[in-house]
Amino acid sequence: MMRCNRADSTHIWLSCKGEYLRCIQTRFINLRYEDPIGDHVLGCFFLGYPEQITTIELEDSSCQLWNRLFVIEKTFETEIDLKNDYQNFTPDSSDYTEILNDIFGDG
């Protein structure tokens with residue numbers, strides 16, 4: 001299971017040639033994974049494609065990690081579904097799956 005101290009996200013809703021998408025870009029503070037032994041902070045080291053995933057060590061020694069690109073978070077069948085999602089969106093409904101796939105995947 002993945003955890004972090006904080007996740008700050010920007011969302012955009014797009015419509016292009018009949019595709020309806022919600023996309024996400026997120027900055028994680030102290031992204032870490034949990035296993036039966038305990039939490040393991042990832043730290044500030046290179047992950048993913050160069051310059052796509054960026055890390056910065058903050059003054060308090062915590063690590064900020066973010067994906068510079070937006071990734072598709074959710075797709076919709078219709079423009080009405082997209083607009084409903086936009087109008088009813090709350091940050092609690094964010095899905096970080098694809099951002100984490102970018103960070104831990106090999107491209």
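To be clear, the structure that these remarks concern was listed above.
A.B. asks: Looking at this model, I keep getting lost on the overall build of the protein. Mind explaining?
C.D. replies: Looking only at helices and strands, one finds 2 helices and 8 strands in the protein. Written out in order from the N terminus, the α and β elements of the protein read β-β-β-β-β-β-β-β-α-α. Residue burial in the protein is summarised as follows: out of 107 residues, 30% are buried. Contacts in the protein between residues at least 24 apart in sequence constitute 61% of all its contacts with a sequence separation of at least 6.

A.B. asks: Sorry if this is basic, but what is going on with the nonpolar core here?
C.D. replies: Nonpolar side chains tend toward joint burial in soluble globular proteins. In terms of nonpolar packing, the biggest core is built from 9 residues, these being Ile24, Phe28, Leu31, Ile53, Leu65, Val71, Ile99, Leu100 and Ile103. Those elements giving two or more residues to this core turn out to be strand E3 (19-29) and helix H2 (97-104). The greatest single-element share of this core, amounting to 3 residues, is contributed by H2.

Procedures and definitions
Per chain, the residues get numbers from 1 upward, laid out in the order the sequence is written. Totals for whole chains, interfaces and linings use all residues, but because this is a predicted model, local features are given only for residues with pLDDT of at least 70 and pairs of side-chain atoms are given and counted only at 80 or more. The side-chain values count all of the structure's non-hydrogen atoms but skip hydrogen atoms and water molecules. Each helix corresponds to a stretch of at least 4 residues labelled H or I by DSSP, and each strand to a stretch of at least 2 residues labelled E; elements are numbered beginning at the N terminus. A simple rule labels every residue: compare its accessible area, found with a 1.4 Å probe on the protein chains alone, to the largest value its type can have, and call it buried under 20%, exposed over 50%, or partly exposed in between. Contacts are residue-level and defined by heavy atoms, with any inter-residue pair within 4.5 Å sufficient. To define a nonpolar core, start from buried Ala, Val, Leu, Ile, Met, Phe, Trp, Tyr and Cys residues and group those joined through side-chain atoms within 4.5 Å.

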